[in-house]
Amino acid sequence: MITYAARRLLSCLPLLWIILTLVFLLVEAVPGDPFSLEPGPAVSRGSAAAMNEAFGTGRSFGIRYVEWLGRFVRGDLGVSYSLRRPVLGLVAESAWNTCRLASLALVLQFVVGLAAGLAAVARRGSWVDRAIVAASSFLYAIPSYWLALVLIWIFSVRLGWLPASQMSSLEAASWGGPERFFDAARHLLLPCLSMTLPAAAGLTLYVRETLADVMTRGFIRTARSRGAGDGRILVRHGLSGAMLPLLNLLGMALPGLVGGSAVIEVVHAWPGMGRLAYQSVLAHDQPLILGCVWAAAMLVLAGSLLADLTSAMLDPRVRESTG
Amino acid sequence: MSSPGRRGGRAGLLILAVIFGMAMAARWISPMPPDLQEDVAGGRFLPPLTRAHLLPVGQHRTWLVTSMRRIEGGWEVTRGGAAATVQDSELSGAPEARFYLLGTDGLGRDMASRLLHGARHSFGIAFICVALASVVGAGVGAASALSGGWPDALMMRGVDAVASVPRLLVFFVCAALTNPSTVLLVLVLSATTWMRLARLVRAEVMAIKHSDLALAALAAGCSRLRLAMRHLLPAAGPVIAVTATLRLADTVLLESAISFLGLGSPSPSVSLGEIMSAGREGLWGATSASWVIVWPGLLIGIVVAALRSATSGLLAAAEPPPV
C-alpha cells in the first residue's frame, strides 16, 4: 500500500511540471510586458523599466523559466499587480473560504445524491423513481448560477428570509459567539444550496444507473436466495459494489467544485478562490491569476490522488495491477 | 417496441430540432431587432404577455404605454406604471400595437427577440467549438493510437495535463492575458474540449488496429493515413457522436457561464448568459422582474436536458436490440 502511494505520488510530478510549463508558455505567448499597458501619460518610461526590474519581468527567457519553476516549487507566487500583496496570502485566504463552502457542498451532495439514488432504485419504476429522475435531470441540466439567481429571487427578494450575498452581516463583528455563528450559517445556506443541488442531481442519476446495473449481478441473486431483506441487499450488497466508481467520481468532483463554484461565488459575493480568479481577470492581474491556477491544479492533483488512494485501499485489485 | 431510452432520445432530438431551427432562423422570425429600445422609461421590465401601444410623440420621441383612455382633446395613458396625458396636437402619427410575449428587459427590449438571437449566438458558438474539438480530438486520438510508443505516451500525458485544470480557469487565464473576444472564446472552448474525445477515440482505435479488418486493409496496400481515415475512424463514429453530443451540453453551459461573467463575446452580440447577467438588477427593484433571468436559464436547461436524452437515445440505438 505504501509503495503504491509513493509511486502514485511520484507520478504527479511530471504532470505538475507540464502544467507549470504550459502556463509559463501561455504567459510568454502574450506580446508586450505587463507594464507596457499600465503607464498613462503621468508615468514615465523609466518608472515602467523600474517596475519591470522590481517584478523581474525584464530578464531573458531561459532564466525566467528556471526562476518561475523554482519560485513555484518554493511556494513563492509573486506579488499581485492590482492588490500589491503577496499572491500566496491572498490565495490561501480565499482558498480557505472556498474550502468551507465546497467541503460542506461536497458532503451534502454525496448524502443527498446517495439517498435520492437509493430511494429511486428501491422504488424502481414507481412514481417516486420517476419524480426523482425528472427532478434530477432538470437540476442537472440547468446552469448552477441560474439556480443561484432563482434561489436569491425566492428566498431573499420575495420572502426575505435569507441574505443573498457575503459571508456575514456588516455588524456581525460586534455580536456574541452564538449569534455570529447563526449569522454565518444563514449566509452559507444559499450558496451552499446552489452548489449542492445540481451536483447532487448528477450524482443521483449516476447512483441510480450504477446501482441498477449492480442489482442485476449474480451475487445479488445469491443474497436474495439466502433470504436477505430488500433494504439489506440494496445497502450491504448493491451499494458496496457501486462504491468504487462513486469514490472515484467524488475525487474527480473536487476540481469541478473549485471551477464550478467560481460563478456561484461571484453571484453570492463569496470571497473565495473563484471570485478572486475572476477579479484578477478583470484587473489583468497576471501573478494573481497564475497563483489561482496553480492552487487549482494542486487541488486537482490532490483530488485524483485521493480518489486513487481510497480505491486502492478498498480494492486490492487496483494496487496489484499498477503498484 | 421502442425502449424508454430510444423514446426519450427521439423526444430530445425533436426538441433540439425545434429550438435550433428557431435559433438559426432568429433573423427572420424574431418580432423585433434584439437591441431595439423604443422607450426605455416606458418599456422597462414589462411582464410577459404585455400588450402595449407605441405613440409617436413630437418629432423624434416615442412613448410606450400600457393603457390608453380617450379624454377631452387627447389621451390619458399609463407609461412606466405612472399616469400621464398626451394631447392630440402632440401626436405625430397613429399609435402602433406592441405585444411582448416574454416581457421586456431593463432597457425595454423585447425578451422574445433577445432570447432568439441569444440562443442563435450561444448555441452557434457551442456547436462550432464542439465541431472543431471533435476534429482535433479524433485526429490526436487516432494519431496517438497508431504511432504507439513514446509519442503516444507523451500525447496522452499532455492530454491529462490539459484536461486536469478546470475549463473555466483556463479561460480565466487566457482572458486575463488578452482581452475577451469571440475568437478567444471559440479558441479556448475548443482547446479545452477535445481531450476526452481524444482518449476515447484512441481507445477505440487501439482496440481494432490489430484486427483482421485493419490487417486486410494494410495487406491490400492501404496507406496508414487512408487506413485511419477510411477504416478506423468510421468505426469510432458512434463514440465520437455520443461524446460530441455530451460535450455540446457542457459547452453550452460553460459558454453561458462565461458570458454571464461578462467575459464572452463583447457587447453588440447577444448571448443567453449576458441576458441573465443584465437581468440581475431587475430582481431587486420594485418590479422584481424575474422573467429576464428565468427564460434564458430555462432555455439552456431544456437544451442541455434534450442533448443528454438524445445521447442516451444514440446509445440505445447503437446497442443491438435484446433478443
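Residues numbered from 1 in each chain as written. Chains lettered and ligands numbered in written order. Predicted model: local features only at pLDDT ≥ 70, side-chain atom pairs only at ≥ 80, totals over all residues. Heavy atoms only, no water.

> Got a sec to walk through the sheet that holds strand β6 (residues 96-100) of chain B? Specific residues and values, please.
Residues and elements named next belong to chain B. Read across the open sheet, the three strands follow the order β2-β1-β6; overall the sheet is antiparallel. Only two strands of the sheet have a single partner each, and these edge strands are β2 (61-65) and β6. Between one strand axis and the next, the sheet turns through 30° on average, direction left out of account. Of the strand pairs in this sheet, strand β1 (residues 50-57) and β6 are connected by five bridges, and their pairing is antiparallel. Counted as the bridge partner of His 53 is Ala 97 from β6. (Pairing = 2+ DSSP bridges. Helix = DSSP H or I, 4+ residues; strand = E, 2+ residues; numbered from the N terminus. Axes fitted to C-alpha atoms, helices over the stretch in contact; angles between N-to-C directions.)

> Could you give an account of the confidence of the model for chain B, naming the residues involved and the relevant values?
Low-pLDDT portions of the prediction should not be read for the details of their coordinates. Across chain B, the average pLDDT comes to 84, with 96% of residues at 70 or higher. Mean pLDDT values over the elements of chain B span from 76, in helix α5 (residues 149-164) of chain B, up to 90, in helix α4 (residues 111-147) of chain B. (pLDDT = per-residue confidence, 0-100.)

> Outline the pattern of salt bridges, listing residues and values.
Residue and element names in this part refer to chain B. For the structure shown, the criterion picks out 13 salt bridges over all chains. The closest approach of N and O atoms between Arg 98 and Glu 38, which form a salt bridge, is 2.7 Å. Of the two residues, Arg 98 is situated in strand β6 and Glu 38 in the loop between α2 (26-29) and α3 (40-43); the sequence distance between them amounts to 60 residues. There is no split in this pair, since Arg 98 and Glu 38 are both buried. A salt bridge links Asp 105 to Arg 114, with the shortest nitrogen-to-oxygen separation between them at 3.5 Å. The same class applies to Asp 105 and to Arg 114, which are both buried. It is possible to trace a salt-bridge network through shared partners that takes in Asp 105, Arg 109, Arg 114 and Glu 274. (Salt bridge = Lys/Arg side-chain N within 4 Å of Asp/Glu carboxyl O. Buried < 20%, exposed > 50% of the residue type's maximum accessible area, 1.4 Å probe, protein only.)

> Could you give an account of unusual backbone geometry, with specific residues and numbers?
In this structure, Arg 84 of chain A takes a positive phi of about 50° despite not being glycine. Among the structural elements, Arg 84 of chain A can be located in the loop between α4 (61-74) and α5 (87-122). In this structure Arg 84 of chain A comes out as partly exposed when scored by relative accessible area, which is 48%. Of note, the phi angle at Leu 49 of chain B is positive, near 65°, even though the residue is not glycine. Locating Leu 49 of chain B in the fold gives a position in the loop between α3 and β1.

> Go over the sheet that holds strand β3 (residues 67-71) of chain B, please, and point to the residues and values.
All names here are of chain B. One open sheet accounts for three strands, arranged β3-β4-β5; its pairing is antiparallel. Edge strands, defined here as strands with exactly one partner in the open sheet, are β3 and β5 (82-87). Averaged over all neighbouring strand pairs, the angle between strand axes comes to 25°, with direction disregarded. Note that strand β4 (residues 74-79) and β5 share six bridges and pair antiparallel. Bridge pairing in β5 links Glu 76 to Thr 85.

> So what's going on with the side chain of Thr 192 of chain B? Which residues, and what values?
Residues and elements named next belong to chain B. Here Thr 192 shows up in the loop between α7 (182-191) and α8 (194-208). On the basis of relative accessibility, which here comes to 5%, the residue Thr 192 falls in the buried class. There is a polar contact of 2.9 Å between the side chain of Thr 192 and the backbone oxygen of Val 188. (Polar contact = N/O pair within 3.5 Å; in protein donor to acceptor, adjacent residues only side chain to side chain.)

> I'd like to hear about the interface of chain A and chain B, residue by residue, with values.
Taken together, the 43 residues of chain A in the interface contact 39 residues of chain B. On inspection of chain A and its partner chain B, the count reaches zero salt bridges. At the level of secondary structure, the elements contributing two or more residues to the side of chain A that touches chain B comprise α2 (12-29), α6 (127-141), α7 (144-158), α10 (230-267), α11 (273-282) and α12 (286-314) of chain A. The dominant element in the side of chain A that touches chain B, judged by the number of residues it contributes, is α7 of chain A, at nine residues. Here the residues of the side of chain A that touches chain B are counted per class, giving 35 nonpolar, seven polar and one charged. (Contact = heavy atoms within 4.5 Å. Nonpolar A, V, L, I, M, F, W, Y, C, P; charged D, E, K, R; others polar.)

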